[in-house]
Structures are given as C-alpha cells and as structure tokens.
Amino acid sequence: MKQIAVCAAVILSLKVFLAILYQYRWYFPADFDASPFLSGRRYTFVGIYRAAFYAHLASGPTSLLLGTVLLLSGGRPGWSVIHRWLGKTQLILVLLIVVPSGLVMALQAYAGPIAEIGFMAQSLLLAVTVVAAAATARSRRFLDHQRWAQRCYILLWSPLLLRIVAGLMIVTDLESEWTYRINAWASWLVPLAIYELVHPPRHENSCAEPPFDVYPSPEN
C-alpha cells in the first residue's frame, strides 16, 4: 500500500510538473490574455519583476530536478563525485537565483500581504535549508545533512502542491482569495510538518562512518 501511495504521488507530481512546463508557451513572449498567471500583470510585468520572473522560470524546475538527482544519489558510493558537484551547483543556484527571484515575485503575489509573507517565508527558509545541508555535509554530520537536504527538497517541491491544491479549489468551486492565502502557507508548512512528525530528529554519532565523503577532508 505504501509503495502504491508513493508511486501515485510521483506520477501526480510529474503530471503537475509537466503541466507547469507546458504553460511556458505563454511566457515566450508573455501572453497576458492566455496565461492565468500573467492575467492582470500587463502593466506591472516590467523591470526587476520581469527579470525575476524569467530567472525563476529557469531556475525553479532546474533546482527541483537537481534536488531529485541529489536525493536519489545520496549514499551511493559510485555517485560520490557527481553528488558532491551537483550539491555545490544546487547551493549556488538556489542562493543566487531561486531565492532572490522568489522574494521579488512574492512582493506581487495574488491575494495581498498574507500570501506575500507566506511566499517570502518559504523562500527564506529554502535558503536556510540549502545552507544547512551544505554546512552539515562539510562538517561530516551526514545524518543531519540528509535531513536538511530532504527539507530543502520539500520546499522545492511545494510549488507543485500549491498548484495541485489550487486546481482542486477551482474544480470544487472553492477558489477565493482566502483559499489562496491559506494555500500560500499550507503548501509548504503542511508537508514540512508531516516530515518532522514522520522523521523525528535523531542524535548523530560524530564518529560514525559516512556513506561517502560529500566534502572530503584536505588530506584526501
């Protein structure tokens, strides 16, 4: 039953991910009439917001795909070098593009300040998790590294849940500014809370042998 649920979640996530990519046809060039997201943004889609939008458009899916490869390659000895370099790439991508562009876009979020703060909090927490994942790997605290990396992945994945819930709200005729505000927070708080409940913190033995050196010591 658990495997079936996991497979169903993966298939649904993939479907939503591809649906998001399919909407890119409205963004090059920006089609303010056909795109639900760009609707009403004709006069604000300029300057730094426009730059942030396209930066986020490229970096968001890329970081999610990178996160998936990192999640699958973690702990596999044959993938140690690739995992290390992909991790560094992910750190740079998230800190320099995903988070800053997400913060800029959050300032024009639909439904006002409550949703804006929700998306800003998500972006800032994403920065915290990716830095913590890198720091714990470098200090060879591999159980902690795994937990922070998983939290980071949940935050990268949460926009998919946002769109799944938004689609359900539309189908059930429950869409409103308030449901969007709740979704702006719940789409990342709920999966993080579930993760913390299912995977409570464990004390790591600092002398334990890591699966491989994510960040090798200088003598190596």
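Chemist: Could you give an account of the environment of A134, with specific residues and numbers?
Modeler: With respect to the element layout, A134 can be found in helix α4 (residues 113–138). For A134, a relative accessible area of 17% translates into the label buried. For A134 and Q90, which are 44 residues apart along the polypeptide, the C-alpha to C-alpha distance reads 9.7 Å.

Chemist: Give a detailed account of the packing of α4 against helix α6 (residues 177–198), specifying residues and quantitative values.
Modeler: For any two helices packed against each other, one specifies the crossing angle of their axes together with the interaxial distance. The contact between α4 and α6 brings their axes to 8 Å, and the two run at 20°. It follows that α4 is roughly parallel to α6 by the angle criterion. In this structure, α4 meets α6 at a crossing whose hand is left-handed. Together, I114, A115, I117, G118, F119, A121, Q122 and L125 of α4 and W178, Y180, R181, A184, W185, W188 and L192 of α6 make up the contact between the two elements. The residue makeup of the contact of α4 with α6, split by class, is twelve nonpolar, two polar and one charged.

Chemist: Can you lay out the nonpolar core for me, pointing to particular residues and giving the numbers?
Modeler: Counting 33 residues, the largest nonpolar core has Y27, L38, F45, F53, L64, L126 and L160 as the members making the most contacts within it. For this core, the elements supplying multiple residues, two or more each, are α1 (2–22), α2 (47–73), α3 (80–106), α4, α5 (142–171) and α6. In terms of residue count, α5 provides more of this core than any other element does, seven residues in total. Setting aside residues no more than four positions away along its own chain, F45 makes contact with A30, F32, L38, R50, F53 and Y54. Within the second largest apolar cluster, seven residues are counted, among which are A106, A109, L162 and A184.

Cut-offs applied
Residues numbered from 1 in each chain as written. Predicted model: local features only at pLDDT ≥ 70, side-chain atom pairs only at ≥ 80, totals over all residues. Heavy atoms only, no water. Helix = DSSP H or I, 4+ residues; strand = E, 2+ residues; numbered from the N terminus. Buried < 20%, exposed > 50% of the residue type's maximum accessible area, 1.4 Å probe, protein only. Axes fitted to C-alpha atoms, helices over the stretch in contact; angles between N-to-C directions. Parallel < 35°, antiparallel > 145°, perpendicular 65-115°, else oblique. Left-handed = near helix turned anticlockwise from the far one by under 90°. Contact = heavy atoms within 4.5 Å. Nonpolar A, V, L, I, M, F, W, Y, C, P; charged D, E, K, R; others polar. Core = buried A, V, L, I, M, F, W, Y, C linked by side-chain atoms within 4.5 Å.

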